[in-house]
Amino acid sequence: MEILVHKGTHEIGGTCIQVASGKTTILLDVGLPLSADGAIVDVSQLKVDAVLISHPHQDHCGLMDYLPPNTPVYMGRLGKNLMDATQVFLGESKHERDFRHFKAWVPFEIGEFRITSYLVDHSAADAYAFLVEAEGKRLFYSGDLRSHGWKGILFENLVKRPIPSIDIMFLEGTMMHRNNDLFPDEEAVEKKIVEVISQQKNISFILSSSQNIDRIVSAYRACKRTGKIMVIDIYTAWVLEQVREITENTPSMDWPEVRVYASHSQDERLKAAPEYFGDFRKRLYLHRVKSQELQSDPSAFLYFGKVSSFRKIESFKKAGQPVNVIYSQWLGYLDGSHADYFGCDEISAYREDPEVNFIYAHTSGHAPVEDLQRLAAALNPKILVPIHTEDAAGFSRSFNNVTTLRDGETFVLTQAGGLMPEIMSAECSWERYIIKRRELLDNWSDDQKKIMKQLAEKWIYIRVGGDKYRPVSIHPDNPCGSLLKRLNGSESEIGGTKSLDKALTNAEAAAPANTKKPGNQKPEHVVQAGLIHHALTHDMLLTDRFRGFSQFFDELIFITDELKAGDIRADIIALGGKGGKYFPVFIELKAIRSKRVIEQLILAQQETAKVKPVFVEMLAKGTGKTSISFEDYKLLVVWPKASSGKGKASVAEVIADSRFESAKGHLLIGEFEKPEIARDGFHSNVENPDWANGKFLQAGTSH
Ligand SMILES: [Zn+2]
Ligand SMILES: [Zn+2]
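Residues numbered from 1 in each chain as written. Chains lettered and ligands numbered in written order. Predicted model: local features only at pLDDT ≥ 70, side-chain atom pairs only at ≥ 80, totals over all residues. Heavy atoms only, no water.

Attention now moves to the sheet that holds strand β18 (residues 383-387). Reading across the sheet, the six strands line up as β7-β8-β9-β10-β11-β18 and stay open at both edges, with mixed pairing between neighbours. Both edges of this open sheet fall to β7 (108-110) and β18, since each of them pairs with a single strand only. Averaged over all pairs of adjacent strands, the angle between their axes in this sheet comes to 25°, without regard to strand direction. Relative to strand β9 (residues 127-134), strand β8 (residues 113-120) runs antiparallel, the two sharing seven bridges. (Pairing = 2+ DSSP bridges. Helix = DSSP H or I, 4+ residues; strand = E, 2+ residues; numbered from the N terminus. Axes fitted to C-alpha atoms, helices over the stretch in contact; angles between N-to-C directions.)

Here is the structure:
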């Protein structure tokens, strides 16, 4: 499973998580960043098989319209209907996408993924968390959630009956630096509304979002308890109609304590789209309340409005009997930095207005840290990744197994359950790997090849990974191992970077290549490192090292190393040349004689054949050669010479094995003299050139 968070690892909103498995790629949310200066993900360039929307908040679905036109979009049906409602009332056309709807808790499939949606409690209706399964791995994405709304039971169910065996969990952390102490839950908000409206001498306004259904419910319940009438606008009434299709338990305009105030502009919207609204306009007029009614007995009403309702509020101002304005959303909107949010400044000014009694009553749509801790403890993921948060770094103080990711970097969830940068991984798709390798080879210039040669003389090589460059050691004492950078007395391991120039700079600054020895130093790595070293210092040619194969190729040009995708792998990819014709050579190096190696190499060739054009392009990019015949490929296995004794197959016998029938005429086997291995593990030294430099003794082939 390959994971790339395009955005959202270090901010609230703008969330966009890409998950890929085999040939299937999906996005979890396509959010618009909340901060005005936030860079926007260019989703129009993303070729994905589907997009899953957790809930209809802009910071999770706001980039939907920029997706390539035919991308299927999965979301809850109510969520989609609520989105349509917003569009129509804004006078804009509905989103024209290939929408698909799922049912809560009912698994469905998208290509290689099995998805289960979990309805959650949030300030948006129809909000979901997702369980995403593939390759035997389980990813859980929380979306936005909380436990303290009217649907808090959904959160408690997740805690009480946790989904088992979660490998990786993306957990939202909006509240890492915010608290909810003033109004810990919707009940507290309701209580405050009751307190205000039961005493009111004039009308009360409550300002919130019409799509915050829980808040409408709280306001309604407060009205019911105090004998007041809740006034909603046409848009809110229409939103409630949508919710009504799902549940009978939310307030609706035909309930006795609810009336609709019909403004001219909203009524125009109804008239403009009769086919969309059906008989709603007709029914609506049975439940209207007019301005005169409100003005004649204002203390009988609670008006559910938005910050843009300030003109309406103005019309009720009376000296001596202040209008109650219950501000019931995030206070941050009033800090003066949300100029594009119409009405904020006017509402903010009410805090100083003697004719207005400004009251704050709001509970967050997001779980406070203690609740998130309960959820994390219950699901107990092997890896917990912060998302939708301004304090990813602070997560490790509150949670176990935290791994912080960065936007734009690809990671792979390995079979062993770890999360590693793609460059080090062996689990991502072969084709993706080759495509990226080809793209990155575009960046090699002749100048850089010269620098590469100088680096090789210092036993350093820049390995091209999934989408990064990483300097590694090719010293026989640290073959294919990490390099260290020494800065101000401290040492750090040099990682991968997307910039080739940066990788070159890091390589220049590296400590001597033999200074860090990896734990599992493998003998074949010595051969591999030796071959790479030879290629870089000999115009990319490996020809000298494979003299035993001169009947098969006059030239052997190094292209790249370490192509890996699960069981599909090749240690070195080279381009062979014979009589002016070129063909790919897949090379595998092994310190043991195992027929499994041959099977792996055959698989690598077969998989590569499926993506032949891109592979051949990569070979051409790496060498400048053009007449490349993929069909003349060679598989070259290099392993130790058989020690004498019974049951040790000769090269000829190995090659005659019927399992390798499909590789007939393509399979070559080279042998080398195995060096002495010291008791404390593998010992190599530069003085043993046959081994350390990969000089091979024998060759055989199948004809
Ligand atoms: Zn959000
Ligand atoms: Zn949200």
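Moving on, there is more to tell.
Let us now look at helix α13 (residues 369-379). For an α-helix, 3.6 residues make a turn, and residues three or four places apart therefore share a direction. Taken together, the buried positions of α13 are occupied by V369, D371, L372, L375, A376 and L379. Along the axis of α13, the buried positions cluster into a sector of 160°, meaning they face one direction only. Exposed side of α13, more than 90 degrees from the buried face: E370 and A377 are the residues found there. On its buried face, α13 is in contact with β10 (137-141), α3 (153-160), β11 (168-172), β18 and α14 (395-398). The positive-phi residue at the C-terminal boundary of α13 is N380, with phi of around 45°. (Buried < 20%, exposed > 50% of the residue type's maximum accessible area, 1.4 Å probe, protein only. Arc of directions from axis to C-beta. Contact = heavy atoms within 4.5 Å.)

Turning our eyes to something else, we now look at the pairing of β11. Extensive coverage of β11 is indicated by the burial of five of its five residues. Every second residue of β11 is oriented toward a common face, with I168, F170 and E172 on one face and M169 and L171 on the other, all of them buried. Here β10 runs beside β11; their pairing, made up of three bridges, is parallel. Within β11, the residue paired with Y141 across the bridge is F170. Crossover connection from β10 via α3 to parallel β11: handedness right-handed. Judged from the five bridges that link them, β11 and β18 form a sheet pairing that is parallel. Bridge pairing in β18 places I168 opposite I383. (Right-handed = clockwise from strand over helix to strand, strands pointing away.)

Before going further, it helps to examine the pattern of salt bridges. On inspection of all chains with the given rule, the structure shows 39 salt bridges. Residues R215 and E186 are paired through a salt bridge, measuring 2.8 Å at the closest nitrogen-oxygen approach. Here R215 is found in helix α5 (residues 213-226), whereas its partner E186 is found in helix α4 (residues 186-198), with 29 residues between them in sequence. Classification of R215 by relative accessible area gives buried; the value is 0%. Exposure remark for E186: the relative accessible area of 0% places this residue in the buried category. Measuring nitrogen to oxygen at the nearest pair gives 3.0 Å for the salt bridge that ties D371 to R374. Placement of the pair is D371 and R374 together in helix α13, with a separation of three residues, close to one helical turn. Classification of R374 as partly exposed rests on a relative accessible area of 33%. Through salt bridges with shared partners, one network takes in D121, R146, K151, E186, D214 and R215. (Salt bridge = Lys/Arg side-chain N within 4 Å of Asp/Glu carboxyl O.)

Moving on to helix α7 (residues 264-272). All of the buried residues along α7 are Q266, D267 and L270. Taken end-on, α7 shows its buried residues confined to a sector of 100°, consistent with a single buried face. Among the exposed residues of α7, those pointing more than 90 degrees away from its buried face are H264 and A272. Check the buried side of α7 and you find it contacts α2 (77-89), β13 (229-233), α6 (234-244), α8 (274-277) and α9 (280-284).

The next point concerns the coordination of the zinc ion (ligand 1). Ligation of the zinc ion (ligand 1) by protein atoms is provided by D59 (OD), H60 (NE2), D144 (OD) and H388 (NE2), these donors lying 2.1 to 2.2 Å from the ion. Along the chain, the residues that donate to the zinc ion (ligand 1) are spaced as D-H-x83-D-x243-H. Between the two metal centres, the zinc ion (ligand 1) and the zinc ion (ligand 2), the spacing is 3.4 Å, with D144 acting as a shared donor. In this pair, D144 sits in the loop between β10 and α3 while H388 sits in the loop between β18 and α14, placing the two residues 244 residues apart along the sequence. Of the two residues examined, D144 and H388, each falls in the buried class. (Donors = N, O, S within 2.8 Å, 3.2 Å for Na, K, Ca; no water.)

Around the zinc ion (ligand 2), the donor atoms from the protein are H55 (NE2), H57 (ND1), H122 (NE2) and D144 (OD), and they sit 2.2 to 2.3 Å away. Here the zinc ion (ligand 2) binds four donor atoms, and the angle range of 89 to 166° at the metal identifies the geometry as irregular. The motif formed by the donor residues of the zinc ion (ligand 2), counted along the single chain, is H-x1-H-x64-H-x21-D. (Tetrahedral: all angles 85-135°; square planar, octahedral: opposite > 155°, others 65-115°.)

Turning our eyes to something else, we now look at the pairing of strand β21 (residues 460-464). Burial within β21 is extensive, with five of its five residues counted as buried. Burial along β21 is two-sided: the face carrying I460, I462 and V464 and the face carrying Y461 and R463 are both buried.

Tracing the chain through its elements places T174 in the loop between β11 and α4. Within polar-contact distance, the side chain of T174 engages the side chain of E172 at 2.5 Å. When residues no more than four places from it in sequence are discounted, the contact partners of T174 are I12, H366 and H388. (Polar contact = N/O pair within 3.5 Å; in protein donor to acceptor, adjacent residues only side chain to side chain.)

This brings us to the sheet that holds strand β23 (residues 478-479). Spatially, the three strands line up as an open sheet ordered β21-β22-β23, and their pairing is antiparallel. Two strands lie at the open edges of the sheet, namely β21 and β23, each paired on one side alone. Taken together, the two bridges between strand β22 (residues 469-475) and β23 define a ladder with antiparallel strand orientation. Residue pairing in the sheet places H475 in a bridge with N478 of β23. Helix-sheet contacts for helix α16 (residues 446-457) involve β21 and β22, and the interaxial angle to β21 is about 125°.

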